[in-house]
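Chain by chain, the residues run as shown.
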Amino acid sequence: MTEPTGTERKAVSDIIRLSAADLAAKLASREISSVEATQAHLDRIAAVDGDVHAFLHVNAGALDAAADIDRRRAAGEDLGPVAGVPLAIKDVLVTTDMPSTSGSKILEGYLSPFDATVVARARAAGLVPLGKTNMDEFAMGSSTEHSAYGPTHNPWDLDRIPGGSGGGSAAAVAAFEAPLALGSDTGGSIRQPAHVTGTVGIKPTYGGVSRYGAIALASSLDQVGPVTRTVLDAGLLHDVIGGHDPRDSTSLTDAWPSFADAAREGARGDVLKGLKVGVIAELPDSGFQAGVSGSFRAALAVMEAQGAEIVEISAPHFEYGVAAYYLILPAEASSNLAKFDSVRFGLRTQAVGTVEDVMAATRDAGFGDEVKRRIILGTYALSAGYYDAYYGSAQKVRTLIQRDFDEAFARVDVIATPSAPTTAFRLGEKIDDPLQMYLNDVTTIPANLAGVPGISIPSGLAAEDGLPVGIQFLAPAREDARLYRVGAALEALLVDSWGGPLLDKAPTLGEKA
Amino acid sequence: MSEITPDLVRHLGVLARIQLSDDEVQRLTGQLDAIVDNIAKVSQVATPDVIATSHPIPLQNVCRADVVGETLTQAQALQNAPDAADGRFRVTAILGEEQ
Amino acid sequence: MATHGRSADKLLSFDEALERFEPVLGFEVHVELNTKTKMFSAAPNSFGREPNTDLAPVDLGLPGSLPVVNEQAVRYSISLGLALGCSIAPSSRFARKNYFYPDLGKNYQISQYDEPIAFEGSVDVELADGTIVTVPIERAHMEEDAGKLTHVGGSTGRIQGAEYSLVDYNRAGVPLVEIVTKPIYGSEHRAPEIAKAYVQTIRDIVLALGISDAKMERGNLRCDANVSLRPRGQEKLGTRTETKNVNSMRSVERAVRYEIQRQAAILAAGGTITQETRHWHEDTGTTSPGRPKSDADDYRYFPEPDLLPVVPSPALIDELRAALPEGPAARRRRLKAEWGFTDLEFQDAANNGILAEIEATIVAGATPAAARKWWTGEIARLANAQGREAADLVSPADVAAVQALVDAGTLNDKLARQVLEAVIAGEGTPQEIVDARGLAVVSDDGALIAAIDDALAAQPDVLEKIRDGKVQAAGAVIGAVMKAMRGQADAARVRELVLERAAR
Ligand SMILES: [Mg+2]
Ligand SMILES: [Zn+2]
């Protein structure tokens, strides 16, 4: 490729900083072509991903897909609202044209004969897949350090974690390598990375988005959702991927409203007026970094100033959430990951010995430490004599947490929490302390256990380290639209108060190839 | 304290078909012990009157009609196979028996 | 490592075994349902196709794939549960049974554990002498079948000693219902007979329901037989063995007898029975040890999180109950009494699986004897020759129509067989074929006498022979006349006319 001229360079940097909604408008008016937009993002990936390592695979067919959209648009075809916008895809989602590894060596080079439903819907909507993003192996982790392909770095500080498991998708969006990304959230894997990277992430109501083609971690907790820089962008992507899928038995048949419309309504209206916002009395202040708590309180104050009412609610069983989660997740995961046995697909490390030996050796070599730890833990939780005390009890805690939510939502419209206890910690800081790592998900886990939707939007920077902080809102099941309205309303106020998006405050990445 | 012992971890490794080295067994024993001590508290509130929730959003009778749909070709089925012969997946000798 | 031990077993005589020990039986029968698609995928439920061609992603356990329940399989399972006299669970659930084996695409089997679709029933089993034995049913649950392994290398084609194995997952995911009995007490000397009759009854039930092809040699119906012995007077159950995959009725009977004799010999010598699976060897009529029970049999069942509870509505259960066919034992009793067949005649018909056809033929107007004659005679012969099912060849209505033509004197036996063959060949209804071919017995004596005259002219010595008492000489003339009439004559009438002529 020839060296870009100064004006072209400026155009590229303009394109990549556009929100998906703004980019879509320029694509629709043909001010920018999809090929230009896609090329701009591919250039950005080439320039910065050596430092960020958000991508495991860049789509060689991206420009062809973009050209196809441009051709169809030129032919007058009625394309959807986001046609031609580039999209990054978490590697947990299977794709026919790119490898899908779920961050694991055991699936290196795996090519799926089918697309995940969300990927198929994204393609049908004209979104242009840019590539597959890095993640903790099989989505087990909160830092993306457990990827078999090396960690992703936080664009705000390359020595820090981008969150996890979907650190790749969040970092890609935060580093302007993609305007939109898909993530998956089992215990916070969309919302916690959003929190530490200054981006927006939504975990939809369980069943709101198809799990078909999402490599399962914990089937009863997993949800696919959008990772973006604005609430409206998340709504646009959610509108594309959401809705009933007969291939997923747990998929809801509800007729969903437009989440993009909900976001637009929130941004312009006065939805905060009279809104009852619950804050959880039992959430311990200890364990929360001062800057996180400070940013959270400041955001609440902004809402209060707009007429929101802050109501203290009780959720006495949330403190059992992490424990229940670390029983249910490993139990389901130990079963879901049994299919990686060197017979039908994936790694086989040796060709001699009995099939039992080959399987056991392959699984030992192919899985990383965290995955093995959780498989062994889950095997234990389900094994004879322990089931009732562990897995069975954890499922009861789910019931109790659902009751806490039911009682809370009888009194408030949304619940607000900090999205995670700390800002981005340093790479390697917690890697040897699994228990500390697990506690990172304390505020995000209850939503997965109860199936309710949650959103994390940037609330500001922590005073002590200048790193991004997110605020999480939770709504009753099926009330995802409420999160878009409330999230977009607060986002508009905060962006105004900052004089621009929070990501404008992020350091410029050294643009090297 | 929980009852995690190296022998138990080794046995779990057999059930989970992971060939754990002695080092791994030692390390996992300590880590699991700490984790289990922490998560065992679920039984404190899981009283008999509480019913278990296995699906966060209750649904029932989700079925499909008995109508033939798309299938994979043999080439697609085998495309990721570590080893195959005669249109089938090939594995080394099997020690255990059918269940 | 399992060894064959196929010659090593000492056996106690059956009578002595029964004198000293009481056998307790139990069965697990797997029934493959004949749905169009698999239990959890829309791939065809097929047999004998190219390996690994009838697969959806979930049948291979591909990453990202998910199961969806086959509604028809649920209906069939409920029907079977009702036919077994079971209660249908108001809410039933699938569970994962976790174990690693190369024939399992996911390394867990989706089955049912603590909430099976049907539970607590009983089946009446009729023995050869008409004795009814009630077998208590514990449960019937839905699950999926596994793929098929072929063991290559080594001398036996068995798993032991094979160099490698090949896996075809076409059968993976085929719907199964597993029927589990409670312990069956009091079978005594008839234990082997009861075993066979139980499996036969399950087969009759699923065939009457039309929910399975029930071909044991294809594995549509598979029986695991549990046998334990306890010394006379002891209450505690003995250690049981589970003999797997006994794949014919006869083998079920033999395997149970063998296990009783084998276990009795061990116990009589003061030994103990190992709790284990055993393999049945059709060729030698023996069982050999398989896998001992161990703590590796920890299946870590938990509710299948990818599927939701099955909650059959009372209306559905009522609908399926109303559609249940009469129980096999009651039906057989009724038909046998109505038709007046001998034991042998009835058994012959039952074994040919054509009771329903005979019944329909009678309803269409034939006598029971005539209906039986056609279905166990000419039609069975043709079905055999063509390698097809008798029921697929011809409709009971056509069979009854052919018999009606015989009764009316229009056709003789030979012509009737011709007509039947033409019906089977698809040439039309019996009457159409009679009309089209101009078939019909010639009953006009004038035409017959003319033909007899011609025949006698060619064989002038026949009349003399008859008059000399050699009546059988008439056969040559009758044959010639029948030939001349192209079979369309009543041979008996021809014979009468020939003998009249000789008597003149
Ligand atoms: Mg069984
Ligand atoms: Zn079974």
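First things first, this report covers the structure right here in the doc. (Residues numbered from 1 in each chain as written. Chains lettered and ligands numbered in written order. Predicted model: local features only at pLDDT ≥ 70, side-chain atom pairs only at ≥ 80, totals over all residues. Heavy atoms only, no water.)

### What to know about the overall build of chain B
No. 1: Assigned secondary structure in chain B consists of 4 helices and 3 strands.
No. 2: Element order for chain B, N to C, with α for helix and β for strand: α-α-α-β-α-β-β.
No. 3: Radius of gyration (C-alpha) of chain B: 22 Å, far over the 13 Å computed for a compact globule of 99 residues.
No. 4: Principal axes of the C-alpha set define a box for chain B whose edges measure 55 × 45 × 25 Å.
No. 5: Relative to its full complement of 99 residues, chain B shows a buried share of 45%.
No. 6: Of the roughly 4,900 Å² that chain B leaves accessible, carbon and sulfur atoms contribute 50%.
No. 7: On chain B, the mean spot of the 7 positive side-chain charges and the mean spot of the 14 negative ones are 5 Å from each other. (Helix = DSSP H or I, 4+ residues; strand = E, 2+ residues; numbered from the N terminus. Rg over C-alpha atoms; globule rule 2.2 N^0.38 Å. Buried < 20%, exposed > 50% of the residue type's maximum accessible area, 1.4 Å probe, protein only. Areas by Shrake-Rupley, 256 points an atom, 1.4 Å probe, with all protein chains shown as cover. Lys, Arg positive; Asp, Glu negative; His and termini not counted. Charge placed at Lys NZ, Arg CZ, Asp CG, Glu CD.)

### A few points about the coordination of the zinc ion (ligand 2)
Residue and element names in this part refer to chain C.
No. 1: Protein coordination at the zinc ion (ligand 2) comes from His30 (NE2), Glu143 (OE) and Glu178 (OE), with a distance range of 1.9 to 2.1 Å.
No. 2: Linear spacing of the donor residues for the zinc ion (ligand 2) on their chain is H-x112-E-x34-E.
No. 3: Between the zinc ion (ligand 2) and the magnesium ion (ligand 1) there is a metal-metal distance of 4.1 Å. Of this pair, glutamate 143 sits in strand 7 (residues 132–144) while glutamate 178 sits in strand 10 (residues 175–181); the two residues are 35 residues apart in sequence, bridging distant segments of the chain.
No. 4: A residue is classified by how much of its surface remains accessible, and glutamate 143, at 3% relative accessible area, is buried. (Donors = N, O, S within 2.8 Å, 3.2 Å for Na, K, Ca; no water.)

### Section: the side chain of C:Thr241
No. 1: Within the element layout of this structure, C:Thr241 appears in strand 12 (residues 241–246).
No. 2: Within the local environment of C:Thr241, its side chain forms a polar contact with the side chain of C:Glu259, the two groups lying 2.7 Å apart. (Polar contact = N/O pair within 3.5 Å; in protein donor to acceptor, adjacent residues only side chain to side chain.)

### Things to note about the interface of chain B and chain C
No. 1: Contact with chain B, which involves 38 residues of that partner, is made by 67 residues of chain C.
No. 2: Buried area between chain B and chain C, both sides added, is near 4,200 Å², and the carbon and sulfur share of it is 57%.
No. 3: Counting the surface chain B buries against chain C, the share from its top three residues, B:Arg64, B:Glu97 and B:Gln99, is 20%.
No. 4: The tally of links between chain B and chain C comes to 0 salt bridges.
No. 5: Run the count over chain B and chain C and you get 23 residue pairs in polar contact (both at pLDDT 80 or more).
No. 6: At the level of elements, helix 1 (6–15), strand 1 (63–64), helix 4 (74–78) and strand 3 (88–92) of chain B are the ones that each hand at least two residues to the side of chain B that touches chain C.
No. 7: The element that contributes the greatest number of residues to the side of chain B that touches chain C is strand 3 of chain B, accounting for 5 residues.
No. 8: Residue composition of the side of chain B that touches chain C, by class: 17 nonpolar, 13 polar and 8 charged.
No. 9: Sheet topology note: the strand 3 of chain B/strand 9 (residues 164–168) of chain C ladder contains 4 bridges and is antiparallel. (Contact = heavy atoms within 4.5 Å. Buried area = accessible area lost by both parts, 1.4 Å probe. Salt bridge = Lys/Arg side-chain N within 4 Å of Asp/Glu carboxyl O. Nonpolar A, V, L, I, M, F, W, Y, C, P; charged D, E, K, R; others polar. Pairing = 2+ DSSP bridges.)

### Description of the sheet that holds strand 11 (residues 221–231) of chain C
All names here are of chain C.
No. 1: Strand order in the open sheet made by the 9 strands is 3-6-7-10-1-11-12-13-14, with mixed pairing throughout. In the strand order of this sheet, the two ends are held by strand 3 (87–88) and strand 14 (286–292), each with one partner.
No. 2: Pairing geometry for strand 3 and strand 6 (residues 118–126), over 2 bridges, is antiparallel. Paired with isoleucine 88 across the strands is alanine 118, a residue of strand 6.
No. 3: Running over the sheet, helix 4 (residues 249–268) touches strand 1 (21–32), strand 11, strand 12, strand 13 (276–281) and strand 14 and is turned about 25° from strand 11. (Axes fitted to C-alpha atoms, helices over the stretch in contact; angles between N-to-C directions.)

### A look at the nonpolar core
No. 1: Ranked by size, the top nonpolar core spans 149 residues in total, and within it A:Leu93 and A:Phe138 carry the most contacts.
No. 2: Of all the elements, helix 11 (residues 321–336) of chain A adds the most residues to this core, at 10 residues.
No. 3: Counting 71 residues, the second largest nonpolar core, distinct from the first, contains C:Ala17, C:Leu18, C:Val69 and C:Leu127. (Core = buried A, V, L, I, M, F, W, Y, C linked by side-chain atoms within 4.5 Å.)

### Considering the interface of chain A and chain B
No. 1: Between chain A and chain B, the contact holds 69 residues from the first and 55 residues from the second.
No. 2: Counting the surface lost from both chain A and chain B, the interface buries some 5,200 Å², and carbon and sulfur atoms represent 66% of this.
No. 3: Here chain A is connected to chain B by 2 salt bridges.
No. 4: When the shortest N-O distance is used, the salt bridge between B:Arg27 and A:Asp369 registers 3.5 Å.
No. 5: Counting across the interface, chain A meets chain B through 23 residue pairs in polar contact (both at pLDDT 80 or more).
No. 6: Looking at the side of chain A that touches chain B, the elements with two or more residues in it are helix 11, helix 12 (355–366), helix 13 (369–382), helix 14 (388–409), helix 15 (434–439) and helix 16 (445–450) of chain A.
No. 7: When residues in the side of chain A that touches chain B are grouped by element, the largest group, 13 residues, is from helix 14 of chain A.
No. 8: Partitioned by chemical class, the residues of the side of chain A that touches chain B number 35 nonpolar, 20 polar and 14 charged.

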